[in-house]
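Letter by letter, the chains look like this.
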Amino acid sequence: MIAPHVRFPYERITGIIGMSLGHTLSPLMHNTAFKEVNADFKYGVFQVRPDMVGHLFEAVRKFNIRGLNVTIPYKQTVMEYTDELSDEASTIGAVNTVVNENGRLIGYNTDADGVEVSLRRFAHRIAGTSVVVYGAGGAARAVISTLASSFAPSKIVIVNRTPGHATTIAETFRRKCSKTTFIVANTDESIVQETGAASTIVNTTSIGMHPDVNGTPLPDSVQIRADQIVFDIVYTPLETALLRQARNAGALTVSGLDMLLGQGAKAFELFTQLRFPMDAARAALLRELTSRQTT
Ligand code: ATR
């Protein structure tokens with residue numbers, strides 16, 4: 001029997017583009033959320049090599065695919081395939097969500113929303129203090145931009161394996177945000193001193209992410225204090241070696257789960273114009289992360 005023709009609803013197809021997506025939880029988060037609000041959307045995985053990124057965006061235009069989230073290492077690359085950038089994406093200098101509005105591709109950065117969701121309960125402790133950010137990639141840009149625009153720290157210190165990348169970010173944000181001092185710490189002594197003096201330590205690198213679960217971005221000589229806030233954007237595992245060290249020191253810890261949910265919620269709302277079902281999505285992610293820890 002010939003199957004009846006089924007029109008594929010390309011305009012309700014969404015997904016994530018990246019290089020290595022074996023562990024991504026975005027499909028689970030979005031597909032759970034679509035189901036919860038009865039939205040007839042689908043979220044897939046587009047694992048592509050750098051030379052295929054342009055072809056994928058051609059397909060997004062030709063088939064009127066609704067939109068894509070963007071992850072490592074394409075958050076800057078995809079900017080050239082968009083027709084317009086939101087204010088946040090252009091301030092941050094990276095795109096993590098592309099939405100197809102009737103053939104116009106708009107680049108957004110919803111990582112900023114993830115940072116807000118993750119840190120807003122600590123806003124009063126961050127204002128007027130120093131924050132140390134490890135890493136200088138796309139996620140670091142979103143963290144630094146959101147901290148400077150919404151949390152009023154007096155100083156942001158950037159620490160990175162390649163100090164030149166940190167210097168570029170410091171120079172960019174010095175021009176954009178005059179109320180915060182931006183510095184790069186690139187000697188062992190200054191890294192230890194600045195990390196010790198900070199109210200808040202943020203890891204935006206992939207150090208500590210599965211399978212490198214024992215890795216931590218902090219030099220061995222840094223002792224975390226009980227009055228510090230430690231935020232790790234890595235969410236696999238949920239408790240990274242850095243967060244375990246922080247918890248053992250009595251510090252306040254923030255896992256990457258809120259960042260994942262916060263950026264996902266905003267992307268979902270941009271894709272569907274519907275409200276993101278936060279509780280259902282959080283429960284599904286926690287179930288999956290817990291089962292990964294025990295297998
Ligand atoms: P994202 O867009 O998620 O931020 P990215 O742009 O690839 O990803 O940036 C990753 C950051 O983690 C970079 O700052 C990178 O350091 P470099 O600028 O030196 O490349 C940092 N990073 C990744 N793996 C690292 C490792 N094993 N040790 C130290 N830093 C690492």
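Up top is the structure these notes are about.
Read on for a plain summary of the structure. What you see is a predicted model, and the numbers here were worked out from it, not measured in a lab.

**Focus on the pattern of salt bridges**
Okay, so step 1: According to the stated counting rule, one finds 14 salt bridges in the structure shown.
Okay, so step 2: Between K75 and D111 there is a salt bridge; the shortest N-O distance is 3.0 Å. Residue K75 is found in the loop between β3 (67–70) and β4 (84–85), and its partner D111 is found in helix α4 (residues 111–119); the two are separated by 36 residues along the sequence.
Okay, so step 3: You can call K75 buried: its relative accessible area is 16%.
Okay, so step 4: With a shortest N-O distance of 3.0 Å, R282 and D258 are connected by a salt bridge.

**Details of the site of the ligand**
Okay, so step 1: Taken together, 14 residues lie near the ligand, and A136, A139, N160, T162 and H165 sit nearest.
Okay, so step 2: Separating an oxygen atom of the ligand from a side-chain N or O atom of N160 is a distance of 2.8 Å.
Okay, so step 3: Residue R161 places a side-chain N or O atom 2.9 Å away from an oxygen atom belonging to the ligand.
Okay, so step 4: Summarising the interface, the protein chains cover 72% of the accessible area of the ligand, which totals 650 Å² for the free molecule.
Okay, so step 5: Partitioning the shell around the ligand into residue classes produces four nonpolar, eight polar and two charged.

**A word on the environment of T162**
Okay, so step 1: Within the secondary structure, T162 sits in the loop between β8 (155–159) and α7 (163–176).
Okay, so step 2: As for T162 and I224, which are separated by 62 residues in sequence, their C-alpha atoms are 24 Å apart.

**Overview of the side chain of T200**
Okay, so step 1: For T200, the position within the fold is in strand β10 (residues 200–203).
Okay, so step 2: Polar contacts involving the side chain of T200 include one to the side chain of S199, which spans 2.9 Å.
Okay, so step 3: Apart from the residues lying within four places of it in its own chain, the contact partners of T200 are I126, S130, V131, V132 and I229.

**What to know about the sheet that holds strand β12 (residues 252–254)**
Note: strands within a sheet are paired through backbone hydrogen bonds, in either parallel or antiparallel orientation.
Okay, so step 1: Across the sheet, six strands lie side by side as β9-β8-β7-β10-β11-β12; this open sheet has parallel pairing. Each edge of the sheet is formed by a strand with only one pairing partner; in this case those strands are β9 (181–184) and β12. Here the strands of the sheet are splayed against their neighbours by 15° on average, with no regard to which way each runs.
Okay, so step 2: The pairing of β8 with β9 spans four bridges and is parallel. Pairing of V157 across the sheet is with I183, part of β9.
Okay, so step 3: Relative to β9, α7 is tilted by about 170°, and along the sheet it contacts β8 and β9.
Okay, so step 4: Of the strands in this sheet, β10, β11 (229–232) and β12 are in contact with helix α9 (residues 241–248), which crosses β11 at around 165°.

**Focus on the packing of aromatic side chains**
Okay, so step 1: A complete count under the given rule lists six aromatic pairs for this structure.
Okay, so step 2: Ring geometry for F34 versus F268: centroids 5.4 Å apart, planes at 25°, classification stacked. Residue F34 is located in helix α1 (residues 26–36), and its partner F268 is located in helix α10 (residues 257–272); the two are separated by 234 residues in the primary sequence. Residue F34 shares its accessibility class with F268, and that shared class is buried.
Okay, so step 3: Ring geometry for F173 versus F182: centroids 6.2 Å apart, planes at 35°, classification tilted.
Okay, so step 4: Among the aromatic residues, those joined into a ring-pair cluster are F34, F41, F268 and F276.
Okay, so step 5: Sitting over the ring of F173, K176 keeps its end group 5.8 Å from the ring centre.

What counts, and at which threshold
- Residues numbered from 1 in each chain as written.
- Predicted model: local features only at pLDDT ≥ 70, side-chain atom pairs only at ≥ 80, totals over all residues.
- Heavy atoms only, no water.
- Salt bridge = Lys/Arg side-chain N within 4 Å of Asp/Glu carboxyl O.
- Helix = DSSP H or I, 4+ residues; strand = E, 2+ residues; numbered from the N terminus.
- Buried < 20%, exposed > 50% of the residue type's maximum accessible area, 1.4 Å probe, protein only.
- Near = heavy atom within 4 Å.
- Polar contact = N/O pair within 3.5 Å; in protein donor to acceptor, adjacent residues only side chain to side chain.
- Areas by Shrake-Rupley, 256 points an atom, 1.4 Å probe, with all protein chains shown as cover.
- Nonpolar A, V, L, I, M, F, W, Y, C, P; charged D, E, K, R; others polar.
- Contact = heavy atoms within 4.5 Å.
- Pairing = 2+ DSSP bridges.
- Axes fitted to C-alpha atoms, helices over the stretch in contact; angles between N-to-C directions.
- Phe/Tyr/Trp six-rings, centres within 6.5 Å; stacked < 30°, edge-to-face > 60°.
- Lys NZ or Arg CZ within 6 Å of the ring centre and 35° of its normal.

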